[in-house]
Amino acid sequence: MYISNTSTAGRIYELSSEHHVRNEVVLDHASNWQIYALQTEEERGEGGFALPLHIRDSSNISFANLHMYRVVSSNQPFKYAVMVTNSRNIRFRNVHCFSDSKVSFDDTIYDQTHDTEIRQREFSWLTISGAAPQVRRMQPSPALALGAKVEKVAGGFFNISGGAVDGSGNIYFVDAKWQTIYRWSAATRQLSKVRDNPLDPVQLFFDKAGDLIVVSYAGNGTVYSFKPDAGNDGITLLPAVPAVPRPGMTPVLPVDYWRNENDFLEVIPAKPLYQFVSPDRTSFLPAGKDFVTGELYYGSKLNNTLRAFGFAPAVAGLPYYVSDENGEKTYVASVGDDGTISNLKLFAERGGEGIAVDSEGNVYIAAGQVFVYNSAGTLIDTIDIPERPSQLLFGGSKGSTLFVLARSSLYAVETSYQGR
C-alpha cells in the first residue's frame, strides 16, 4: 500500500499487508490518515530485507493496534520495523513487534531525522512530534566499574548467540548462519575460530572438566561434546536418557523462553522427559520430547532448547532467573535436581533475550538495552549498548567483565562485581 501526495483525510481498517520485498506500507508526503489494526508480515527469502512501514515527509498520522511480525523460519536479521523521516505528529497506539524466530526486528521504530531508535517491542503510547528528543543525563553507574565504558571487541558476525564461558573466563559463542564456534580470549584479547565444521551448532555450555557441549540443530536431539584445545575434529555424541533426579549435578537451562500461547506459567514448570549428561557427569541438559524427536512447527524447529538465546547453570541453593520473552517479564524460580523449574514468581516487569547475575545479586536483563535490577527487583541502572543485545555473559580474567552478544558484534564492559 502506497499513500502519497495527499492531505485528504483517510482511514484504513484491518489491513493485512504481507510478504512483500521492499515495503508493506509507505506514506510519502501524506497527512491526516488514521490506520487501525494494520498487520505486516515478512516471509523468509526476499522478505528478510523488507522494511514494513516507511513514513517520510508526512504529518498527522495515527496507527492503532499495529502488529508487525516475521515468520518462524526467518533467519535474516533486519534493523527496523518502522522508519520515520522528516515527519511530525506521528502517533502510535498499542504496538506489537515480534517473531517466534530468533530474528525479530532489532528496533521497532527508527527516527532517521534525529537518529533515534525505539527498541521496545511492546508499548501502548508513542507520539513522534518532529522535535528533537531530550538527551538523557548520564548518572554515575551503580553497576559498572568507575570510568568503565562499553567497548566493541569484535564484529562482522551474521547473528551471534548461544554463548558460554570456560574456567579461564574466555567467551565462546556461535554464529549459526556460518556454522562457526568462536572464542574470545580473556588473556590475549583475540578472537579465534574453534570449529567451523558443518554440524549446525546453536547452543554451548561447559562442564567442570572443560568439555564444550554443543546443542545442534541437525538431526533429532543432537548434542555433542569436544575439548576446545584437543587439536582434532573428534567429537562425542551424547545420548538422550530418561529424566531422573541427579543430586550433586548442575542442570543447565535456557534463560529465556518463547511461548506463542501466553501459557508461560503453565508450561515452563513441566517436568522435562529427557536429559543429556556431560562427559564428566557434573552437568546435564534437560530437554523436551519435541527437541529429541525433531518436531517441526511450520517447517522449523521451535523448542525451548534451540529457540533460547543462551543457557545458564542452575546452581543449587541460588535463585534461577528466567525471562518470558514474548510476555516481556522476568521471573525468579527454583530448580529441582532433575532440572524441573518450580515456584515461579514475578521478578520484574521486563523480559527479553538474555539474563546474567553478579555476585551482589544484581540481575542484568537484555531487552533492547541492558537493564540492571537489584535482588529486590528494583531497577538501578541502564547500560546503553550500540546494538540490540541478545545474550549476557560474565567472563574475563577477573570474572567481572560483562560480555554482550549483540547480533553482529561482541561488546564488553567492566562491572563493579564478579559474575555469579
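All values reported here derive from a predicted model rather than from experimental measurement.

Draft legend 1. Structural view of the nonpolar core. Leu27, Leu53, Ile55, Phe63, Val82 and Phe92 are the most contacted members of the largest nonpolar core, which has 31 residues in total. Contributing elements (two or more residues each) for this core: β4 (23-36), β6 (51-56), β7 (59-70), β8 (80-85), β9 (88-99), β10 (107-111) and β12 (122-128). Those residues in contact with leucine 27, other than ones at most four positions away along the chain, are Ile3, Ile35, Leu53, His54, Ile55, Arg56, Ser58, Ile61 and Phe63. Counting residues in hydrophobic clusters, the runner-up holds 24 residues, among them Val332, Leu344, Phe347 and Val363.

Draft legend 2. Representation of the packing of aromatic side chains in the model. Under the counting rule described, the total for this entry stands at 18 aromatic pairs. Ring centres 5.3 Å apart and planes at 85° place the aromatic pair phenylalanine 157 and phenylalanine 173 in the edge-to-face group. Of this pair, phenylalanine 157 sits in strand β13 (residues 151-165) while phenylalanine 173 sits in strand β14 (residues 171-175), and the two are 16 residues apart along the sequence. The two residues phenylalanine 157 and phenylalanine 173 agree in class, both being buried. Between the aromatic rings of tyrosine 257 and phenylalanine 264, the centroid separation amounts to 6.2 Å while the plane-to-plane angle is 75°, which identifies the pairing as edge-to-face. Like phenylalanine 264, tyrosine 257 is buried. In textbook terms, an aromatic cluster arises when at least three aromatic residues are bridged by ring pairs, as seen for Phe157, Phe173 and Tyr182. In this structure, arginine 195 packs its charged tip against the face of phenylalanine 226, placed 4.1 Å from the ring centre.

Draft legend 3. The side chain of asparagine 326, seen in detail. Topologically, asparagine 326 is positioned in the loop between β27 (320-324) and β28 (329-335). The class of asparagine 326 is buried, set by a relative accessible area of 14%. At 2.9 Å, the side chain of asparagine 326 forms a polar contact with the backbone oxygen of arginine 259. Setting aside chain neighbours within four positions, we find asparagine 326 in contact with His96, Glu122, Tyr257, Trp258, Arg259, Asn260 and Asn262.

Definitions and cut-offs
- Residues numbered from 1 in each chain as written.
- Predicted model: local features only at pLDDT ≥ 70, side-chain atom pairs only at ≥ 80, totals over all residues.
- Heavy atoms only, no water.
- Core = buried A, V, L, I, M, F, W, Y, C linked by side-chain atoms within 4.5 Å.
- Buried < 20%, exposed > 50% of the residue type's maximum accessible area, 1.4 Å probe, protein only.
- Helix = DSSP H or I, 4+ residues; strand = E, 2+ residues; numbered from the N terminus.
- Contact = heavy atoms within 4.5 Å.
- Phe/Tyr/Trp six-rings, centres within 6.5 Å; stacked < 30°, edge-to-face > 60°.
- Lys NZ or Arg CZ within 6 Å of the ring centre and 35° of its normal.
- Polar contact = N/O pair within 3.5 Å; in protein donor to acceptor, adjacent residues only side chain to side chain.

Purely geometric numbers; function is a separate question.
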